[in-house]
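Single-letter residue listing:
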Amino acid sequence: MHIAIIGAGISGLYLATRLQELGHDVTIYEARDRIGGRIETVDFDLAGQTCAFDLGPTWFWPDNEPLMVDLIRRFHLPTLEQYMTGALRLERAGKPIESHLLSNQPTALRLRDGIRSVATALAAQLRPGTIQLKSSISQIDVTNRSVISFGKKSQSFDEIVLALPPRLAAKLSYEPALPETILDELEALPTWMAQQAKCLVLYEKPFWRELGWSGQAISWTGMVQEIHDASPQDGLGALFGFFRTPARERQLLTETEIQEAVLEQLTRLFDEQALHPIGWLYKDWSTDKWTATRADAAPLVAFPDYHTMDFGAEHAAISLIGTETDANHGGHLEGALRSVERYLEKKIGGEK
């Protein structure tokens, strides 16, 4: 079989490696100029020390994410356990900041070289020429089982797999057209992370640890709602945060204004030392056109009802995979990997 995969995020890359292992031909079309999709790792250099930091997915949980564990072991990727020693800081409107010692938190692991290292390792397993970067797809020709990029039609494929957020899949043109019920179902599934922004603040050392803080904080009043220690194993200190301020409000501010508000909040939570970072990184996923649609600007008020989708008999050559299609691990890297295993079981018959 020759299979087209639209999207070189972790689900697309993992599916491609599994298919090639089973003897199938694969072509991946990726709109970005890089692999990884919502995986985005950046490097920070200071005095000869290079550290990797994630602006997309950051953790995996080894106790209940076996597919991620298998990948990490397969590629011998070094991990770091999430730092949780010390007190959590809790900020509520009109009340003094509280400190809480938490117990029995599940073990969360980061990758020393960032989550990017998983995508890089998967891509390295693929045959040369498998991945076509800067190749955005505008139309899926279901009748001829081909895809159209920049007006040029591809060869025919046996299967076409959309490794895309459902709302981006809904933006494509299909021949014949998808039923309105299917388009509505795609549009109704929020893209994980698309409403979110993430900041990372770097310091010469993790000073909060010396003060008895874990670096973890929850705020119901500041710009950043959830904060965690993102420090490497040695040397630098780093804090990252997920934003409470909705996407539409963030987009009315300059990045300088956002940074000033975040530093003021970190100072309240941890110490005056927070006012003196040595680095700042910011990623607003709601402005990333290969991730978010206009519908994704609305804040999530509940966890989405992620689930698998069937395009119907007329469009049986098309499948949708990705973290938004996994009911149990939706939003996690594990969910993206599990969607691949479901596809293989259904379409390839569970070949080993």
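Residues numbered from 1 in each chain as written. Predicted model: local features only at pLDDT ≥ 70, side-chain atom pairs only at ≥ 80, totals over all residues. Heavy atoms only, no water.

Asks: Just checking my understanding: could you explain the side chain of Ser-11 for this structure?
Replies: Note that Ser-11 resides in helix 1 (residues 10–21). Ignoring any residue separated from it by four or fewer positions in sequence, one finds Ser-11 in contact with Ala-163, Ile-321, Gly-322, Ala-336, Ser-339 and Val-340. (Helix = DSSP H or I, 4+ residues; strand = E, 2+ residues; numbered from the N terminus. Contact = heavy atoms within 4.5 Å.)

Asks: Quick question: what am I supposed to make of the sheet that holds strand 2 (residues 25–29) here?
Replies: Hydrogen bonds between backbone atoms are what pair the strands of a sheet, whose relative direction is either parallel or antiparallel. A sheet is described by the order of its strands in space; here 5 strands give the open sequence 9-2-1-13-20, paired in parallel fashion. Looking at strand neighbours, the two that pair on one side only are strand 9 (131–132) and strand 20 (318–320), the edges of this open sheet. Across 2 bridges, the pairing between strand 2 and strand 9 is parallel. Its bridge partner lying in strand 9, Tyr-29 is registered against Gln-132. Strands in contact with helix 1 are strand 1 (2–6), strand 2, strand 9 and strand 13 (159–162); relative to strand 2, the strand with the most contacts, it is inclined by about 165 degrees. (Pairing = 2+ DSSP bridges. Axes fitted to C-alpha atoms, helices over the stretch in contact; angles between N-to-C directions.)

Asks: Teacher, can you tell me more about the nonpolar core here?
Replies: Note that soluble globular proteins tend to have their nonpolar side chains buried in a common cluster. Grouped together as the largest cluster of nonpolar side chains are 40 residues, with contacts concentrated most on Ile-5, Ile-10 and Leu-15. The set of elements that each furnish at least two residues to this core consists of strand 1, helix 1, strand 2, helix 2 (66–74), strand 8 (109–111), helix 3 (116–124) and helix 9 (333–348). Broken down by element, the residue count for this core peaks at 7 residues, all from helix 9. Excluding its chain neighbours within four sequence positions, the residues that come into contact with Ile-10 are Gly-36, Ile-39, Met-68, Val-118, Leu-122, Leu-333, Ala-336 and Leu-337. Grouped together as the second largest cluster of nonpolar side chains are 25 residues, Ile-6, Ile-137, Val-142 and Leu-162 included. (Core = buried A, V, L, I, M, F, W, Y, C linked by side-chain atoms within 4.5 Å. Buried < 20%, exposed > 50% of the residue type's maximum accessible area, 1.4 Å probe, protein only.)

Asks: In this structure, what is going on with the state of the cysteines? I would like to understand it.
Replies: By definition, a disulfide links two cysteine residues through a covalent bond between their sulfur atoms. Evaluated as defined, the whole model comprises 0 disulfides. In this structure Cys-51 is a free cysteine whose sulfur lies 18 Å from that of Cys-199, the closest cysteine sulfur available. Relative accessible area serves as the criterion here: at 3%, Cys-199 is assigned to the buried category. (Disulfide = S-S within 2.5 Å.)

These figures capture arrangement, not role.
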